[in-house]
Amino acid sequence: MTASPPDTTPAAPLAAAAIRAYFEGGAGDEVTLRANAAAWRAIGLRPRVLATPRQVDTQVTLLGRRWPTPWLAAPMAHLALAHPDAERGLALACAAQGAGLVLSTQASTALESVARAVLPEPQRGPLWFQLYPYGEREDWLRLVQRAHRAGYEAVVLTVDAPVQWAGERERASGFALPADWPQPNLPARPETGTLEALLARAPDWDDVAWLRSHSPLPLLLKGITHPADADRAADLCDGLVVSNHGGRVLDGLPPTAALLPAVVEAVQGRCPVLVDGGLRRATDVLKALALGANAVLVGRPLVAALAQGGAPGVAALWRRWHDELRGAMALCGAATIDALTPALLCHGAFHP
Ligand code: FNR
């Protein structure tokens, strides 16, 4: 008896090494990719003793909603390449473990199908939709309206990648999406061809203001690195994500741990500030929160967990991170996320 192939099998299966290169790789020499993780590690913790809280509470409140953990899955494209559970599996595991999810425009699963999996879960974190601004403004708005109808609670416009090309690791691996690869959420075909064709469609601040005024959902900008842009975004939008796209777009950007404090300072509490890039365990998250982030997005650790163990692998990762965060908060004398402050941290090769 021959088993019929699963319906997510691409026409020409990609080599596992090429898929790995796509998920793990970064732009250029991967300087930013490596620096992101190294920078969190280089921050030291300097807790006070004999101040252990009797209880630890990891809940956060963002955009008027309270949920059990300070993290969301970052938007990541093409997750059916990692595991047949794909975006629905990631979403279910996040919802069951009280984590949020940001679904990518380039997901391999329809946004409605992901929403149906997540929305009934009582403990779930926020469900947001990430928007790549392909096509015309009206195409973006139609997609945002579709996400709104499906139950998404915010839209995250990615502003740091008007031009994208494959990283060197990815190119060397021979990675290429099969021609018939499913992308059921694209507002329009991504522009291809000359650099000039891409630049002609790159969004600007007027586009952001237009989208904000027409969108039925709160709007966050993802890919903010400069404090002056953060200042402008805080006046215009409902939140921002300090991100260098996990070192996948422009190599040479500083690590997000180094960028975050100036952005927090510029925003002055006008809107939530999230951060991503290089967070590899819960103590890294604790440091990001202590530097002033209101929550974090996590990328590659989740795709690795999904690839290895499907939805149960993702759930196990979140459980480990939650245990580690609670333990580390207790050791730092922090009963709540708000109690994590820069006073807990020391910089520069652990010199207080
Ligand atoms: C991404 N990222 C991303 N960002 C985005 O806005 N839309 C997208 O479709 C994708 N796709 C994507 C695919 C893959 C394979 C990766 C690894 C990343 C960037 C992502 O949202 C996030 O900014 C980084 O992944 C965070 O860094 P870490 O946690 O991976 O180090």
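None of these values were measured; they are calculated from a predicted model.

K.L.:
Lay out the overall build of the protein chain with the relevant residues and their values.
P.N.:
Summing up its helical and strand segments, the protein chain has 12 helices and 12 strands in all. Taken over C-alpha atoms, the radius of gyration comes to 20 Å for the protein chain, in line with the 20 Å a tight globule of 352 residues would show. For the protein chain, buried positions account for 47% of its 352 residues. Of the contacts made within the protein chain by residues no fewer than 6 positions apart, 76% connect residues no fewer than 24 positions apart.

K.L.:
Could you give me a rundown of helix H9 (residues 227-236), with the residues and numbers involved?
P.N.:
Taken together, the buried positions of H9 are occupied by Ala230, Ala233 and Ala234. Within H9, the buried residues cover an arc of 100° as seen down the axis, which keeps them to one side. Of the residues in H9, the exposed ones pointing more than 90 degrees away from the buried face are Ala228 and Asp235.

K.L.:
Give a detailed account of the UniProt feature "binding site: glyoxylate" (unreviewed entry) in the protein chain, specifying residues and quantitative values.
P.N.:
With numbering matched to this structure, UniProt assigns "binding site: glyoxylate" (unreviewed entry) to Tyr22, Tyr132, His245 and Arg248. You can see Tyr22 is positioned in helix H1 (residues 16-24). In this structure Tyr22 comes out as buried when scored by C-beta crowding, with 23 C-beta atoms within 10 Å. Among residues more than four places away in sequence, those in contact with Tyr22 are Glu170 and Phe175. Given 23 C-beta atoms within 10 Å, His245 falls into the buried group. If sequence neighbours within four positions are ignored, His245 has contacts with Asp160, Ala161 and Gly223.

Reading the values: the criteria
Residues numbered from 1 in each chain as written. Predicted model: local features only at pLDDT ≥ 70, side-chain atom pairs only at ≥ 80, totals over all residues. Helix = DSSP H or I, 4+ residues; strand = E, 2+ residues; numbered from the N terminus. Rg over C-alpha atoms; globule rule 2.2 N^0.38 Å. Buried ≥ 20, exposed ≤ 12 C-beta atoms within 10 Å, placed from the backbone. Contact = placed C-beta atoms within 7 Å. Arc of directions from axis to C-beta. UniProt positions renumbered as here; feature names shortened; annotations may be inferred.

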